[in-house]
Amino acid sequence: MAFRPSNWTFYRSNRLAGLRQIMKDAGGFQWCLGGLDLSLASGLEKSSPTWNKASHSRSSSTVSSRHSRQMIKDWEVIDDLPVEMHMGGDHPQDMTTPGVCEGYLLKRRKWPLKGWHKRYFVLEAGILRYSKNQQDVSRGRVQGSLDVSLAVMSVNKKSNRIDLDAGDILYHMKAKSHELFYIWMTKLQAHRLFKKNEAAQVHSGFIQTLSHSAAVGPAQRNGDLSSTGVIDLAQASGALPSANTAVNRKVSAWLQQSHDPDNCVHELNRCHLDLSELNRLIQRLQALEVGQAFTNGDLQRIISMQNLSLEKPKKAKSGKLWGHSRTLSTVEALGILSSSHLSSSSHLGASVPSIPDYVYSQLSPPTVTSPECKKIQQDICSTSLRVLASLKSVHETLSQERQKIQEVWESNTIHQSNTLTEPSAEQHSSLRPPSVADSGAEYFDASDDVVCGSSSEVSEESGLSDGSTTNSEPEEGHASATRKYRASISKTPNSVVPKSTGRRTTLPAHCPDNSHVGLMAILYNNIGKDLARVSMPAALNEPVNLLQRLCEELEYSELLDTASNTPDPYQRMVYIAAFAISGYSTATFRNRYKPFNPVLGETYECIREDRGFRFISEQVCHHPPISACHAESENFSFWQDQRWKNKFWGKSLEILPTGMVNVTLPRYGDHYEWNKVVTCIHNVLSQQRYLEHYGEVTIKNLNSSVCTCKITFVKSRYWGSDTNKNEVQGMVLDQSGSVIHRFGGLWHEGIFCDTLPTPKCVWKPNPQPKDHLLYYGFSTLAMELNELTPDLEPLLPPTDSRLRPDQRLLEEGQVNEADRKKDEIEDIQRDRRKALAKRGEEHVPHFFKKAKDLCGRDVWLTNGSYWKLREDPGFVNMDNITLW
Ligand SMILES: CC(C)CCC[C@@H](C)[C@H]1CC[C@H]2[C@@H]3CC=C4C[C@@H](O)CC[C@]4(C)[C@H]3CC[C@]12C
């Protein structure tokens, strides 16, 4: 552990970086403005089953309004002191850079989410970097870095753990001793505050600069770049490419045209006034309302004023804020309200105590709210909305300006590459991933780069690796192998999509815009619960359900057909692996909507003569929710029961599936079985949401030990870089552990295997259908899943998802009706469950039976009755099930 002295000059030079940060954040305003920053309500599920209760007790705890920490079992979310804003910038606050803090910490492995590495961390000027060891730090070899001010920080004092969740990046760290833990915790807090203050300062400077340029007036903003502070700063920092006349001309033309920054200044000034007004209102309310609380009725009103379409509260048991009730707690509703979440992460924060802080202070026993208080609350609400509107408009303007800067930048890059000598091939490839044009050869031999041999075993929690022997962190060779695979994949033409299957190619209606839906309250009301049990407004749903999504995993079933026609067991395994990976590819375009949760007893069938399989699935269990499926074809059988746990880290939500996937190939008597990896929904509360899969898959053939396969879904390394996203690497090993085949690529682009007799791209996703973004990002198969044709309808059991009215209404674009119907269906399901419990009975699925696999795990297998029943006598006589 070493500390270096603080340094003011460093801070000054860092102001420019801060400016860039502000510009970057401007792109993320919508994120902030959604009011969905979890760091406020800080309800983190730390895999504790008792957490629901904790959420309740949290509401009644007394929390200091200046420095709030909320306890969740042994975890606490650390909220910093509010950031000070100095609009004038004349009296800079103490912005001393906190001392550098460095030393070894344990960092949880990126996959398969167990075990710890020893890593060398350096915390400097609000940025936390880590390397394998101290030598690597001095060599500048950084494995990852994170701006600590952008992360939700939670700590567990008992186990010396510190977690930082920045949405894109999630670090789980552990100190070896209490002392170290406290040092790191304190230092991290200091750096977070420093970084936030710095950003706030830079922001003030930015506003000043804008004000200045507005005062100068557009007419005077001519080609003289030095007359605008913005460009000065950017030039000084080297943020813009070296000036040349073409660029100068472009920039000056843009400056002459651009009147928008003036509006920006006005909006921001207005915003500032509104924030001061909010401050006044909150203080007034605090003074008036000590000991008073909002009623749920008030909250509902506030929320409807905000036009947030949250679902109607269900008949909530008094005092319960969890379970199925979607009644908002005071904290949650105001969490949404606090659109600028002033104290926690916004760089636009002002010296107003945060609204959540205010709310916490209100959480004493409820008394009647006076009319004056109500009036102030309404004023707070409308002022917040004004702030929101101002910031939205500023965001829009800045986005447009950024776009223009981008254009100038790009034109300059083009200009440079036209005029300068071509960089050498090596330089070229180090700058960006190779494109089709880069790849001179049809096929890149990746053998030099791929790390062969079985993946070195990395220590579990008990035994630590020293950081030098493990290759579980992404390696240089790893990345370059993927680059080469990628180049080879891009040379492979897309598979020709079969002309017409006679099925529909679009949906009846476009997807609704759901960006206004307040997700935070929903997630908070359901913390610790399976996402699959959380009821959400229909506008958040896509018109397929989880039973149908299981069928989507067969989108590339032709890989199983190929496997079934591949006599060599090692090569066969490559195709099985490609199939296992292909199931994840839909995630690329599917992060804005959530599949419907099937109700207990719901079923779904899918007969695909064109693909040669038939599929059924059933919701077999409600608690926990389990969807079982089974598909069969001449070449293969496929089954799995899907259930998962989720972990909410503050900004990201991890989905940890349990249950194995099974495939049998009757031709060779193979029975393959594999686990699923973790899927992480990054930035779950914002529109910048995206999915990442990470972890290791092991495919075993239960009927033969000839070979196994290991696939690694690599966790992306650096924030903001698209080039290291979605990497997959895999190898087929023989009995002795030698590598027989290796393959890799990206789960959204394809998989290349360079060890097959003819190296080739073994899988590439089909192109997305036209306008797919208007249709929930659905693939061709997904579009077809819920199609109901007149000839099919009479053949379906009444439990088939296609007959579910809410899903159908959503598909047809009738969102409100879908929402109403969905509520009804969920009510019916609840009543059914209650009746069942009253009779002391357990639900018995129709078409699946519970069994144990070889390892003693519970599994759900088909009972073989579906297709027989369908043929004769059909489902008309199916006993009285009313699901909807
Ligand atoms: C709150 C809402 C709007 C955010 C969107 C949530 C979406 C992206 C979530 C909800 C349920 C999730 C799915 C749940 C289960 C699985 C099985 C797993 O093996 C692969 C990922 C997959 C298929 C998840 C993908 C992401 C998913 C579809």
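Owing to the predicted nature of the structure, the values given are computational and were not obtained by experimental measurement.

Calculation rules
- Residues numbered from 1 in each chain as written.
- Predicted model: local features only at pLDDT ≥ 70, side-chain atom pairs only at ≥ 80, totals over all residues.
- Heavy atoms only, no water.
- Helix = DSSP H or I, 4+ residues; strand = E, 2+ residues; numbered from the N terminus.
- Buried < 20%, exposed > 50% of the residue type's maximum accessible area, 1.4 Å probe, protein only.
- Areas by Shrake-Rupley, 256 points an atom, 1.4 Å probe, with all protein chains shown as cover.
- Phe/Tyr/Trp six-rings, centres within 6.5 Å; stacked < 30°, edge-to-face > 60°.
- Lys NZ or Arg CZ within 6 Å of the ring centre and 35° of its normal.
- Expected span 1.5 Å × (residues − 1).
- Contact = heavy atoms within 4.5 Å.
- Core = buried A, V, L, I, M, F, W, Y, C linked by side-chain atoms within 4.5 Å.
- pLDDT = per-residue confidence, 0-100.
- Polar contact = N/O pair within 3.5 Å; in protein donor to acceptor, adjacent residues only side chain to side chain.
- Near = heavy atom within 4 Å.
- Nonpolar A, V, L, I, M, F, W, Y, C, P; charged D, E, K, R; others polar.
- Salt bridge = Lys/Arg side-chain N within 4 Å of Asp/Glu carboxyl O.
- Pairing = 2+ DSSP bridges.
- UniProt positions renumbered as here; feature names shortened; annotations may be inferred.

Draft legend 1. Summary view of the overall build of the chain. If you tally the helices and strands in the chain, you get 23 helices and 28 strands. Buried residues in the chain amount to 56% of all 884 residues. As presented, the chain carries roughly 36400 Å² of accessible surface, and 53% of it is formed by carbon and sulfur atoms.

Draft legend 2. Geometry of the packing of aromatic side chains. Counted under the stated rule, the structure contains 17 aromatic pairs. For the ring pair F181 and Y182, a centre distance of 5.1 Å and an interplane angle of 75 degrees mean the geometry is edge-to-face. Seen in terms of ring centroids, F847 and Y866 are 4.9 Å apart; in terms of plane orientation they differ by 80 degrees. Their pairing is edge-to-face. One end of the pair, F847, is in the loop between helix 22 (815-838) and strand 27 (848-852); the other, Y866, is in helix 23 (residues 866-871), with 19 residues separating them in the sequence. Across the pair, exposure class does not vary: F847 and Y866 are buried alike. Three or more aromatic residues joined by ring pairs make a cluster, and in this case those are F847, Y866, W867 and F875. Between the NZ or CZ atom of K715 and the centre of the ring of Y694, over which it lies, the distance is 4.5 Å.

Draft legend 3. Helix 22, seen in detail. The end-to-end C-alpha separation of helix 22 is 34 Å, in line with the 34 Å expected for 24 residues at 1.5 Å each. Residues V815, A818, D819, K822, D823, I825, E826, Q829, R830 and L836 constitute the buried set of helix 22. Buried-residue contacts for helix 22 involve strand 11 (541-545), strand 12 (594-596), strand 14 (613-622) and helix 21 (805-811). Looking one or two places after helix 22, you find G840, whose phi comes out positive at around 70 degrees.

Draft legend 4. How the structure looks around the nonpolar core. Core analysis: the biggest nonpolar cluster contains 85 residues, and F615, W674, I699, I711 and F743 have the highest contact counts within it. For this core, the element with the highest residue contribution is helix 19 (residues 569-582), accounting for nine residues. Those residues within four positions of F615 in sequence are excluded, and the remaining contacts are L547, L550, C551, L554, Y604, E605, C606, C629, H630, A631 and W867. Ranked by size, the runner-up nonpolar core spans 23 residues in total, among them L128, A166, A175 and W184.

Draft legend 5. Region of interest: the confidence of the model for the chain. Summing up the model confidence of the chain, the mean pLDDT is 72 and the portion of residues at 70 or higher is 63%. In this model, residues 214-243 is a region of pLDDT below 50 whose contacts with residues beyond four sequence positions or in other chains number 44 contacts. Across the predicted assembly, pTM comes out at 0.59 and ipTM at 0.98.

Draft legend 6. Molecular detail of the environment of Y604. Of note, Y604 is situated in strand 13 (residues 603-608). C-alpha of Y604 to C-alpha of E618: the two residues are 14 residues apart in sequence and 6.5 Å apart in space. Y604 has contacts with L547, Q548, C551, F615, I616, S617, L785, D800, S801 and R802, leaving out every residue within four places of it along the chain. For Y604, the side chain forms a polar contact with the side chain of R802, separated by 3.3 Å.

Draft legend 7. How the structure looks around the site of the ligand. In the region of the ligand, 21 residues are neighbours, and R549, W644, I655, K676 and T679 sit closest. Contact between the ligand and K676: an oxygen atom at 3.1 Å from a side-chain N or O atom of the residue. Among the secondary structure elements, those contributing two or more residues to the shell around the ligand are strand 12, strand 16 (637-648), strand 17 (653-658) and strand 20 (678-682). Partitioned by chemical class, the residues of the shell around the ligand number 12 nonpolar, three polar and six charged.

Draft legend 8. Focus on the pattern of salt bridges. Under the criterion given, the structure shown has 36 salt bridges. A salt bridge links E811 to R808, with the nearest nitrogen and oxygen atoms 2.9 Å apart. You can see E811 and its partner R808 sitting in helix 21, three residues apart, about one turn around the helix. Accessibility assignment for this pair places E811 and R808 in one class, buried. Ionic contacts of the salt-bridge type, sharing partners, join the residues E542, R549, E552 and R590 into one network.

Draft legend 9. Summary view of the pairing of strand 21 (residues 690-701). Most of strand 21 sits inside the fold, with 10 of its 12 residues counted as buried. Across three bridges, strand 19 (residues 670-674) lies against strand 21 in antiparallel orientation. Among the inter-strand pairings, Y672 is bridged to a residue of strand 21, identified as N701. When strand 21 meets strand 22 (residues 707-713), the two strands line up antiparallel, connected through six bridges. Residue pairing in the sheet places G695 in a bridge with F713 of strand 22. Between the antiparallel neighbours strand 21 and strand 22 lie five residues.

Draft legend 10. Looking closely at helix 19. Over its 14 residues, helix 19 runs 20 Å from end to end, which matches the ideal 20 Å to within 8%, given 1.5 Å per residue. Judged by how many residues are buried, helix 19 sits mostly within the fold: 11 of 14 residues are covered. Taken as a whole, helix 19 has its buried residues at R572, M573, V574, Y575, I576, A577, A578, F579, A580, I581 and S582. You can read the cap of helix 19 off the contacts: a side-chain oxygen lies 2.9 Å from the backbone nitrogen of Y570, and it is on D568.

Draft legend 11. Representation of the environment of L773. Here L773 is to be found in the loop between strand 26 (760-763) and helix 20 (780-785). When the C-alpha atoms of L773 and R590 are compared, they prove to be 9.3 Å apart, with 183 residues separating the residues in sequence. Not counting chain neighbours up to four residues away, the residues in contact with L773 comprise C511, F589 and R592.

Draft legend 12. Expanded view of the UniProt feature "coiled-coil region" (unreviewed entry) in the chain. Residues annotated by UniProt as "coiled-coil region" (unreviewed entry) correspond here to residues 811-838. As a span, residues 811-838 carries 89% helix and 0% strand, and end to end its C-alpha atoms are 36 Å apart.

Draft legend 13. Representation of unusual backbone geometry in the model. Of note, the bond from H623 into P624 is cis; its omega dihedral lies within 30 degrees of zero at 5 degrees. Position of P624 among the secondary structure elements: in the loop between strand 14 and strand 15 (625-633). With omega at 5 degrees, the peptide bond leading from D872 into P873 counts as cis. Summarising the element assignment, P873 is placed in the segment after helix 23. In this structure, A125 takes a positive phi of about 50 degrees despite not being glycine. Along the chain, A125 falls in the loop between strand 5 (116-124) and strand 6 (127-131). You will see that N683, though not glycine, has its phi angle at about 50 degrees, which is positive. Along the chain, the position of N683 falls in the loop between strand 20 and strand 21.

Draft legend 14. Expanded view of the pairing of strand 17. Note that strand 16 and strand 17 share six bridges and pair antiparallel. From the neighbouring strand, K647 faces strand 17, where its bridge partner is E654. Between the antiparallel neighbours strand 16 and strand 17 lie four residues, among them G650 with a positive phi of about 115 degrees. The pairing of strand 17 with strand 20 spans three bridges and is classified as antiparallel. Looking across to strand 20, one finds that L653 is bridged to I681.

Draft legend 15. Representation of the side chain of S652 within the structure. In this fold, S652 is placed in the loop between strand 16 and strand 17. Here the side chain of S652 touches D165 through a polar contact of 2.9 Å, side chain to side chain. Beyond its immediate sequence surroundings of up to four residues, S652 is in contact with D165, G167, L170, K647, C680, I681, H682, N683 and V684.

Draft legend 16. Fine view of the environment of C381. The residue C381 is located in helix 13 (residues 371-419) in this model. By relative accessible area, which is 0% here, C381 ends up buried. Sequence-wise, C381 and L278 are 103 residues apart; in three dimensions their C-alpha atoms are separated by 9.1 Å.

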